[in-house]
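Commentary on secondary and tertiary structure
Chain by chain, the residues:
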Amino acid sequence: MNQVGIVGRLTKDPVSRVMSEGRIHTSFIVAVSRNYKNQKGEIETDFVLCSSWGRPAQNISKYCVKGSLIAVTGRLQSRHYDKEDGTRVYVTEVLGDQIRFLDKRKEKEESAHRQPEPESEADFDFQPPGTDGVNV
């Protein structure tokens, strides 16, 4: 089983981009506090790399900014790439298929006090690139 759930605050504004096939991808980092204090009495924090595709990616970009409190449910994915100097870099991230906004929704540009459109279950459909709807 590969299932992850985290709750935390965005460390910076989400970064969105439109891929060549027209799909939207958003990447963001969530700061998650641990449930205990270390020997110095401090609460430690993990910084978790996350990404999302499609409608959830659009909504994160539209309604979340640095400091927004969100819950991300998804799965872990590991990948690697080689840098120009030949060093291999490994990356593990959470692919979020369900995103919950836990504080008031805000648009990046402070537009009129417009209510966002209600979300439906279809807003949270997730399909990794290249799977063409095939369940694995």
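Preceding this paragraph is the structure being described.
Along each chain, residue indices are assigned from 1 in the same order as the chain's sequence is written. The model is predicted, so local features are restricted to residues of pLDDT at least 70 and side-chain atom pairs to those at 80 or more, both for listing and for counting; the totals for chains, interfaces and linings are taken over all residues. Think of the side-chain values as coming from all heavy atoms in the structure, minus any hydrogens and water.

We now examine the pairing of strand E6 (residues 88-101). Pairing between two strands requires that DSSP report at least two bridges joining them. Helix and strand definitions here come from DSSP, where helices need a minimum of 4 consecutive H or I residues and strands a minimum of 2 consecutive E residues; each element is numbered from the N-terminal end. As paired elements, strand E4 (residues 43-53) and E6 share two bridges and run parallel to each other. If you follow cysteine 50 over to E6, its bridge partner there is valine 94. In this structure, strand E5 (residues 69-82) lies alongside E6, joined through 13 bridges in antiparallel fashion. Residue pairing for E6: threonine 73 is matched across the bridge by glutamine 98. The turn linking E5 back onto E6 is made up of five residues, and glycine 86 within it adopts a positive phi angle of 90°.

Checked against the element boundaries, serine 61 lands in helix H1 (residues 54-63). Under the relative-accessibility criterion, serine 61 is labelled buried at 18%. In protein, a polar contact means a hydrogen-donor-capable atom and an acceptor-capable atom, both N or O and within 3.5 Å, with residues adjacent in sequence counting only if both atoms are side-chain atoms; elsewhere, any N or O pair within 3.5 Å suffices. A distance of 3.1 Å separates polar atoms of two side chains, one belonging to serine 61 and the other to serine 16. Relative accessible area decides the class of each residue, using a 1.4 Å probe on protein chains only: under 20% of the type maximum gives buried, over 50% gives exposed, and in between gives partly exposed.

Judged by nonpolar contacts, the single largest core of 16 residues is most densely connected at Ile6, Phe28, Val30, Ile70 and Val72. Put simply, the parts of the chain that give this core at least two residues each are strand E1 (4-10), strand E3 (24-37), E4, H1, E5 and E6. Discounting residues that sit within four places of it in the chain, valine 72 has contacts with Val4, Gly5, Ile6, Phe28, Val30, Val94, Gly96, Gln98 and Ile99. As used here, the term nonpolar core means buried Ala, Val, Leu, Ile, Met, Phe, Trp, Tyr and Cys residues forming a set that is joined through side-chain atoms within 4.5 Å. Any two residues whose heavy atoms approach within 4.5 Å at even a single point are treated as in contact.

Before going further, it helps to spend a moment on H1. When we look at burial in H1, the residues that qualify are Pro56, Ala57, Asn59, Ile60, Ser61 and Tyr63. Among the structural elements, strand E2 (15-18), E3, E4 and E6 are those in contact with the buried residues of H1.

We count a salt bridge whenever a side-chain nitrogen from Lys or Arg sits within 4 Å of a carboxyl oxygen from Asp or Glu. The final tally for this structure, using the stated rule, is five salt bridges. Measuring nitrogen to oxygen at the nearest pair gives 3.5 Å for the salt bridge that ties aspartate 103 to arginine 9. Taken together, the positions of aspartate 103 in the segment after E6 and arginine 9 in strand E1 put the pair 94 residues apart, joining distant regions of the chain. Classification of arginine 9 as partly exposed rests on a relative accessible area of 39%. Between glutamate 93 and arginine 79 there is a salt bridge, with its nearest N and O atoms 3.3 Å apart. Pair noted here: glutamate 93 is in strand E6 and arginine 79 is in strand E5, with a separation of 14 residues, a long-range link. Residue classification places arginine 79 among the partly exposed positions, given a relative accessible area of 37%.

What follows deals with the pairing of E5. Here six bridges tie E1 to E5, and the two strands are oriented antiparallel to one another. From the neighbouring strand, isoleucine 6 faces E5, where its bridge partner is valine 72.

Judged by its relative accessible area of 7%, glutamate 93 falls in the buried class. In this structure the side chain of glutamate 93 is engaged in a polar contact, spanning 3.3 Å, whose partner is the side chain of arginine 79. Look past the residues within four positions of glutamate 93 in its chain and what remains in contact with it is Leu49, Cys50, Ser51, Arg75, Leu76, Gln77 and Arg79.

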